[in-house]
Amino acid sequence: MRVDVVTIFPAFFDVLEVSLVGKARGSGLLDVRVHDLRDHTRDRHRTVDDTPYGGGAGMVMKPEPWGEAIDAIVADASAAPIFVFPSPAGEVFTQATARELATAEHLVFGCGRYEGIDERVFTYAASLGRVRMISLGDYVLNGGEVASMAMIEAIARLIPGMVGNPASLVEESHEDGLLEYPSFTKPASWRGMDVPDVLLSGHHGRVAQWRHAQRVERTRERRPDLLPSTD
Ligand code: 6GU
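- Under the annotation held in an unreviewed UniProt entry, the protein carries the name tRNA (guanine-N(1)-)-methyltransferase and is attributed to Microbacterium radiodurans.
- Quoted straight from UniProt, the Function (unreviewed entry) entry for the protein says "Specifically methylates guanosine-37 in various tRNAs."

What follows is the structure in structure tokens.
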């Protein structure tokens, strides 16, 4: 998979090197390229924003640098990419979104700052590939960088060959609609707290039953919205 990121803060993405994403890059499964939007400006001050038409607070990212950055990426791509623009005004990112994007050949993340990007940039991107506006959840970040990083990590670990044991992907929270069961390791007793007896019993059927019950209970307590409604 190829991933291009356009940002005015390329240094944000240095940490990708030290994660699973770094491993994916090293193994050739993932080709991540980070581009500085300011490299696509032509004025002395490398301006990327301007005041909004119609007035209002904040600044809007100018379309021209975005157009040039997108053109440069598409010019050396083999297929039409999927453009992802992180935005609190987008559809909410879920494990299903990650699974879907993990099948793409080429993703382009466009990280906006300020009050947003000139709307015509999205229309232009849509003439070159698919466009998704995606939010991490119902809260506001300062820009798309941290959101892109979260999405890239969620997507990269689903690329076949990325996670050592594919079975570990199946049992996770959000893969089948229930939260994960609680985990314990040695010692069996720690600071007065004991590991549940059933896990020491060696009885695989009872362990599986207990874990399933724990998943249902946890989901009911913490995320009732994930359970089928009973009305
Ligand atoms: Cl994707 N971007 C920004 N700026 N804020 C967010 C977000 C994205 N998702 C949640 N909050």
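**Overview of the overall build of the protein**
For step 1, the next point in the chain: Along the protein, the regular secondary structure elements total eight helices and nine strands.
For step 2, the next point in the chain: Radius of gyration (C-alpha) of the protein: 22 Å, far over the 17 Å computed for a compact globule of 231 residues.
For step 3, the next point in the chain: Dimensions of the protein along its principal axes, counting C-alpha atoms only, are 70 × 45 × 35 Å.
For step 4, the next point in the chain: Within the protein, buried positions represent 22% of all 231 residues.
For step 5, the next point in the chain: Long-range contacts, defined here as pairs at least 24 residues apart, represent 76% of the contacts in the protein between residues at least 6 apart.

**Focus: the site of the ligand**
For step 1, the next point in the chain: Looking at the ligand, the residues that line it are Pro86, Ser87, Pro88, Ser135, Leu136, Gly137, Tyr139, Val140, Leu141, Gly143, Gly144 and Ala147.
For step 2, the next point in the chain: Of all the elements in the fold, those that place two or more residues in the shell around the ligand are β5 (82-92) and α5 (144-156).
For step 3, the next point in the chain: Top contributing element to the shell around the ligand by residue count: β5, with three residues.
For step 4, the next point in the chain: Residues of the shell around the ligand, tallied by class, amount to seven nonpolar, five polar and no charged.

**Structural notes on the pairing of strand β2 (residues 31-36)**
For step 1, the next point in the chain: Relative to β2, strand β1 (residues 2-7) runs parallel, the two sharing six bridges. Pairing of Val3 across the sheet is with Val32, part of β2.
For step 2, the next point in the chain: Regarding topology, helix α1 (residues 20-26) serves as the crossover connection from β1 to the parallel β2, and that connection is right-handed.

**Some details on the sheet that holds β1**
For step 1, the next point in the chain: Ordered by their spatial adjacency, five strands build an open sheet running β2-β1-β6-β5-β7, and the pairing between neighbours is parallel. The open sheet has two edge strands, β2 and β7 (130-135), and neither has a second partner. For this sheet the average axis-to-axis angle between neighbouring strands, irrespective of direction, equals 30 degrees.
For step 2, the next point in the chain: Examined bridge by bridge, β5 and strand β6 (residues 106-110) share three bridges and lie parallel to one another.

**Digging into the environment of Leu136**
For step 1, the next point in the chain: If you trace the backbone, Leu136 turns up in the loop between β7 and α5.
For step 2, the next point in the chain: Sequence separation of Leu136 and Thr97 is 39 residues, and the distance between their C-alpha atoms is 11 Å.

Conventions and cut-offs
Residues numbered from 1 in each chain as written. Predicted model: local features only at pLDDT ≥ 70, side-chain atom pairs only at ≥ 80, totals over all residues. UniProt positions renumbered as here; feature names shortened; annotations may be inferred. Helix = DSSP H or I, 4+ residues; strand = E, 2+ residues; numbered from the N terminus. Rg over C-alpha atoms; globule rule 2.2 N^0.38 Å. Buried ≥ 20, exposed ≤ 12 C-beta atoms within 10 Å, placed from the backbone. Contact = placed C-beta atoms within 7 Å. Near = placed C-beta within 6 Å. Nonpolar A, V, L, I, M, F, W, Y, C, P; charged D, E, K, R; others polar. Pairing = 2+ DSSP bridges. Right-handed = clockwise from strand over helix to strand, strands pointing away. Axes fitted to C-alpha atoms, helices over the stretch in contact; angles between N-to-C directions.

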